[in-house]
Amino acid sequence: MLGVVGFFIYAKENARLFDSVNPRYAQQLLEIEMFTFCSLDIVDEKAAKATEMFLGQLYNDQKWRSFGFITNTGVRMILVLDATSAASLKDQEIRLIFKRFHGHYCNTISNPFYEIGTPMQSKWFDEGIRDLYSISE
(Lines give C-alpha, C1' and ligand atoms only; values in the text may rest on other atoms or scores of the structure.)
Protein backbone atom coordinates (compact mmCIF):
# COMPACT_ATOMS: atom_id res chain seq x y z
CA MET A 1 0.00 0.00 0.00
CA LEU A 2 1.50 3.29 -1.12
CA GLY A 3 -0.85 5.69 0.65
CA VAL A 4 -1.14 8.37 -2.05
CA VAL A 5 -2.77 11.41 -0.47
CA GLY A 6 -2.85 13.77 -3.44
CA PHE A 7 -1.51 15.05 -6.74
CA PHE A 8 -0.90 18.73 -7.41
CA ILE A 9 0.29 20.67 -10.47
CA TYR A 10 1.42 24.30 -10.38
CA ALA A 11 2.49 26.58 -13.21
CA LYS A 12 5.83 28.35 -13.21
CA GLU A 13 4.19 31.37 -11.54
CA ASN A 14 2.72 29.18 -8.74
CA ALA A 15 -0.77 29.25 -10.23
CA ARG A 16 -2.58 26.02 -9.44
CA LEU A 17 -3.37 24.07 -12.58
CA PHE A 18 -4.64 20.88 -10.99
CA ASP A 19 -5.24 19.39 -7.57
CA SER A 20 -6.67 16.08 -6.53
CA VAL A 21 -6.92 14.66 -3.03
CA ASN A 22 -7.64 11.01 -2.37
CA PRO A 23 -11.24 10.75 -1.10
CA ARG A 24 -9.97 8.96 2.03
CA TYR A 25 -8.20 12.19 3.04
CA ALA A 26 -10.87 14.67 1.90
CA GLN A 27 -11.66 15.79 5.47
CA GLN A 28 -8.05 17.00 5.83
CA LEU A 29 -8.02 19.09 2.65
CA LEU A 30 -6.94 22.37 4.27
CA GLU A 31 -4.01 20.76 6.08
CA ILE A 32 -2.92 19.00 2.90
CA GLU A 33 -3.04 22.25 0.92
CA MET A 34 -0.92 24.05 3.52
CA PHE A 35 1.56 21.17 3.45
CA THR A 36 1.65 21.38 -0.35
CA PHE A 37 2.41 25.10 -0.28
CA CYS A 38 5.34 24.46 2.07
CA SER A 39 6.55 21.82 -0.38
CA LEU A 40 6.18 24.24 -3.28
CA ASP A 41 8.66 26.62 -1.65
CA ILE A 42 11.23 23.83 -1.52
CA VAL A 43 10.69 23.01 -5.20
CA ASP A 44 12.06 26.44 -6.09
CA GLU A 45 15.20 25.82 -4.04
CA LYS A 46 15.81 22.33 -5.45
CA ALA A 47 14.96 23.22 -9.05
CA ALA A 48 17.85 25.68 -9.29
CA LYS A 49 20.41 22.93 -8.78
CA ALA A 50 18.50 19.98 -10.23
CA THR A 51 20.11 17.81 -12.89
CA GLU A 52 16.95 15.81 -13.63
CA MET A 53 13.22 16.38 -13.56
CA PHE A 54 12.62 14.22 -10.47
CA LEU A 55 13.49 16.35 -7.43
CA GLY A 56 13.14 13.66 -4.76
CA GLN A 57 11.69 14.21 -1.33
CA LEU A 58 10.77 17.80 -0.66
CA TYR A 59 9.27 17.97 2.79
CA ASN A 60 7.93 15.71 5.51
CA ASP A 61 6.17 15.92 8.82
CA GLN A 62 4.46 13.42 11.10
CA LYS A 63 1.51 12.91 8.73
CA TRP A 64 2.75 13.36 5.17
CA ARG A 65 5.76 13.31 2.86
CA SER A 66 6.00 15.19 -0.41
CA PHE A 67 8.00 14.53 -3.54
CA GLY A 68 8.60 16.85 -6.46
CA PHE A 69 8.95 16.79 -10.21
CA ILE A 70 9.57 19.73 -12.52
CA THR A 71 9.05 19.76 -16.26
CA ASN A 72 11.25 21.47 -18.84
CA THR A 73 8.73 24.29 -19.02
CA GLY A 74 8.84 24.93 -15.27
CA VAL A 75 5.55 23.24 -14.39
CA ARG A 76 5.81 21.73 -10.91
CA MET A 77 4.22 18.48 -9.87
CA ILE A 78 3.90 17.51 -6.24
CA LEU A 79 2.96 14.10 -4.91
CA VAL A 80 1.86 13.85 -1.28
CA LEU A 81 2.06 10.48 0.45
CA ASP A 82 0.98 9.25 3.85
CA ALA A 83 4.12 9.31 6.03
CA THR A 84 3.47 5.92 7.59
CA SER A 85 3.28 4.08 4.28
CA ALA A 86 5.79 6.26 2.42
CA ALA A 87 8.59 5.15 4.73
CA SER A 88 8.66 1.75 3.05
CA LEU A 89 8.66 3.11 -0.52
CA LYS A 90 11.69 2.92 -2.73
CA ASP A 91 12.82 5.76 -4.95
CA GLN A 92 11.99 3.73 -8.07
CA GLU A 93 8.36 3.26 -6.99
CA ILE A 94 7.91 7.00 -6.55
CA ARG A 95 9.57 7.65 -9.91
CA LEU A 96 7.12 5.21 -11.50
CA ILE A 97 4.16 7.10 -10.00
CA PHE A 98 5.57 10.37 -11.37
CA LYS A 99 6.16 8.78 -14.78
CA ARG A 100 2.50 7.83 -14.99
CA PHE A 101 1.38 11.18 -13.55
CA HIS A 102 3.53 13.05 -16.08
CA GLY A 103 2.19 10.86 -18.89
CA HIS A 104 -1.39 11.78 -17.98
CA TYR A 105 -0.36 15.44 -17.81
CA CYS A 106 1.29 15.33 -21.26
CA ASN A 107 -1.74 13.67 -22.82
CA THR A 108 -4.01 16.30 -21.30
CA ILE A 109 -2.03 19.33 -22.45
CA SER A 110 -1.73 17.78 -25.92
CA ASN A 111 -5.46 18.32 -26.36
CA PRO A 112 -5.80 21.09 -28.96
CA PHE A 113 -8.64 22.66 -26.96
CA TYR A 114 -6.57 23.06 -23.79
CA GLU A 115 -5.08 26.52 -23.20
CA ILE A 116 -1.64 26.26 -21.64
CA GLY A 117 -1.53 27.85 -18.18
CA THR A 118 -5.22 27.44 -17.39
CA PRO A 119 -6.64 25.06 -14.78
CA MET A 120 -6.89 21.53 -16.12
CA GLN A 121 -10.41 20.18 -16.45
CA SER A 122 -10.33 16.87 -18.24
CA LYS A 123 -12.47 13.84 -17.63
CA TRP A 124 -9.69 11.63 -19.01
CA PHE A 125 -7.09 13.19 -16.70
CA ASP A 126 -9.34 12.74 -13.67
CA GLU A 127 -9.85 9.08 -14.57
CA GLY A 128 -6.09 8.61 -14.90
CA ILE A 129 -5.54 10.09 -11.45
CA ARG A 130 -8.26 7.84 -9.99
CA ASP A 131 -6.42 4.90 -11.52
CA LEU A 132 -3.23 6.03 -9.77
CA TYR A 133 -5.13 6.13 -6.46
CA SER A 134 -6.46 2.62 -7.02
CA ILE A 135 -2.98 1.30 -7.88
CA SER A 136 -1.70 2.74 -4.63
CA GLU A 137 -4.21 0.91 -2.46
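First things first, this report covers the structure right here in the doc. The structure displayed is predicted, hence computed values, not measured ones. (Residues numbered from 1 in each chain as written. Predicted model: local features only at pLDDT ≥ 70, side-chain atom pairs only at ≥ 80, totals over all residues. Heavy atoms only, no water.)

Digging into the overall build of the protein
A tally of regular secondary structure across the protein gives four helices and five strands. Along the protein, helices and strands appear, N-terminal first, in the series β-β-α-β-β-β-α-α-α. What you see for the protein is a C-alpha radius of gyration of 14 Å, in line with the 14 Å of a compact globule of 137 residues. Taken along its principal axes, the extent of the C-alpha atoms in the protein is 40 × 35 × 30 Å. Each of the 137 residues in the protein was classed as buried or not, and the buried ones make up 48%. (Helix = DSSP H or I, 4+ residues; strand = E, 2+ residues; numbered from the N terminus. Rg over C-alpha atoms; globule rule 2.2 N^0.38 Å. Buried < 20%, exposed > 50% of the residue type's maximum accessible area, 1.4 Å probe, protein only.)

Re a nonpolar patch on the surface
Where nonpolar side chains cluster on the molecular surface, the patch consists of L30, M34 and F37 and spans about 320 Å² of accessible area. With respect to the helices and strands, F37 occurs in helix 1 (residues 29-48). Residue classification places F37 among the partly exposed positions, given a relative accessible area of 37%. (Patch = residues over 30% accessible without salt bridge, like charges linked within 9 Å, V, L, I, M, F, W, Y side chains within 5 Å. Areas by Shrake-Rupley, 256 points an atom, 1.4 Å probe, with all protein chains shown as cover. Salt bridge = Lys/Arg side-chain N within 4 Å of Asp/Glu carboxyl O.)

Remarks on unusual backbone geometry
Within the chain, N14 stands out as a residue other than glycine whose phi angle is a positive 70°. Secondary-structure assignment places N14 in the loop between strand 1 (4-10) and strand 2 (16-21).

A look at the pairing of strand 2
Direction of pairing for strand 1 relative to strand 2: antiparallel, over a ladder of five bridges. Looking at the pairing, F7 lines up with S20 of strand 2. Here strand 1 hands over to strand 2 after five residues, with N14 in that stretch at a positive phi of 70°. (Pairing = 2+ DSSP bridges.)

Some remarks on the pattern of salt bridges
Summed over all chains, the structure comprises five salt bridges. We note a salt bridge from D19 to R16, for which the minimum N-O separation is 2.9 Å. Looking at D19, the relative accessible area reads 32%, which means it is partly exposed. Between D44 and R76 there is a salt bridge whose closest N-O contact spans 3.0 Å. Of this pair, D44 sits in helix 1 while R76 sits in strand 5 (residues 76-82), and the two are 32 residues apart along the sequence. Judged by relative accessible area, D44 falls into the partly exposed class, the value being 34%. R76 sits in the buried class, given a relative accessible area of 8%. Residues joined by salt bridges that share partners form a network here, namely R16, D19 and E33.

Observations concerning the environment of F37
Distance in space between the C-alpha atoms of F37 and N14 is 9.4 Å, their sequence separation being 23 residues. If we skip the residues at most four places from it in the chain, F37 touches Y10 and R16. (Contact = heavy atoms within 4.5 Å.)

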